[in-house]
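Structural features, examined
Spelled out, the chains give:
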Amino acid sequence: MEFESPYTLERIKNPSEDLQTELWNLLHEFSVSKLGDSSMEKKEFFAILVKEGETLIAASLCYLFFNGLNLQLLWVAEEKRGMDLGTKLLKEIEIEALKLGATLVFGYSFGFQAPKFYTKLGYTEVGKIPNYPEGQNCYFLCKKLGT
């Protein structure tokens, strides 16, 4: 689709943090106006890191909005897997989510990653994209907090 004057279309590789923040704020502002609930205004983007000395061995990126915590990623260094670091980190994420007023945590995991890790810890599969990436599945997972 081509945009006609006065519009232009621009693709930006690796958009700046400022641009990303502006775009998320615009969407959030619009969405909160439609929800009609001022308690939904709170949002926060944060990371929780696990280090051994100065070496990063596990980490998460989280985005809180609409009283839910989107777990964007949870990573554990391969040589540290099987030592309960992921479980301990996920429990810390859930504690932080509760402190921030979240009622649930949600995210996704590919079949070659760790969907069974999440279901073992009380997460429910709420959706799936079959054969994405090819030969795998993408699982959407959610856990209600405080129940």
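None of the values given here were measured: they were computed from a predicted structure.

This part is about the UniProt feature "domain: N-acetyltransferase" (unreviewed entry) in the protein chain. In this structure's numbering, the residues bearing the UniProt feature "domain: N-acetyltransferase" (unreviewed entry) are residues 10-146. Here residues 10-146 runs as 29% helix and 38% strand, with 44 Å between its end C-alpha atoms.

Another aspect to go through is the pattern of salt bridges. Going through the model one piece at a time under the given rule, you end up with two salt bridges. Where glutamate 52 meets lysine 80, a salt bridge forms, and the shortest distance between an N and an O atom there is 3.1 Å. Note that glutamate 52 is positioned in strand 1 (residues 43-52) and lysine 80 in the loop between strand 3 (68-76) and helix 2 (85-99), a separation of 28 residues in sequence. The exposure class of glutamate 52 is partly exposed, given its relative accessible area of 46%. The exposure class assigned to lysine 80 is buried, which follows from its relative accessible area of 16%. Here glutamate 94 makes a salt bridge to lysine 143, at a shortest N to O gap of 3.2 Å. One end of the pair, glutamate 94, is in helix 2; the other, lysine 143, is in strand 6 (residues 137-144), with 49 residues separating them in the sequence. For the pair glutamate 94 and lysine 143, one class covers both residues: buried.

Another point: the environment of isoleucine 57. Positionally, isoleucine 57 belongs in strand 2 (residues 55-65). On the accessibility criterion, isoleucine 57 (6% relative accessible area) is buried. C-alpha separation for the pair isoleucine 57 and leucine 141, spaced 84 residues apart in sequence, amounts to 24 Å. Apart from residues lying up to four places away in sequence, isoleucine 57 is in contact with Val50, Lys51, Glu52, Trp75, Val76, Ala77, Lys80 and Leu85.

Spatial strand order, 1-2-3-4-6-5: six strands in an open sheet with mixed pairing. Each having just a single partner strand, strand 1 and strand 5 (124-130) make up the two edges of the open sheet. If you compare each strand with its neighbour and ignore which way they point, the axes differ by 20 degrees on average. Of the strand pairs in this sheet, strand 2 and strand 3 are connected by eight bridges, and their pairing is antiparallel. Paired with cysteine 62 across the strands is leucine 71, a residue of strand 3. Where helix 2 meets the sheet, its contacts fall on strand 1, strand 2, strand 3, strand 4 (104-110) and strand 6, and the angle it forms with strand 3 comes to roughly 160 degrees.

Calculation rules
- Residues numbered from 1 in each chain as written.
- Predicted model: local features only at pLDDT ≥ 70, side-chain atom pairs only at ≥ 80, totals over all residues.
- Heavy atoms only, no water.
- UniProt positions renumbered as here; feature names shortened; annotations may be inferred.
- Helix = DSSP H or I, 4+ residues; strand = E, 2+ residues; numbered from the N terminus.
- Salt bridge = Lys/Arg side-chain N within 4 Å of Asp/Glu carboxyl O.
- Buried < 20%, exposed > 50% of the residue type's maximum accessible area, 1.4 Å probe, protein only.
- Contact = heavy atoms within 4.5 Å.
- Pairing = 2+ DSSP bridges.
- Axes fitted to C-alpha atoms, helices over the stretch in contact; angles between N-to-C directions.

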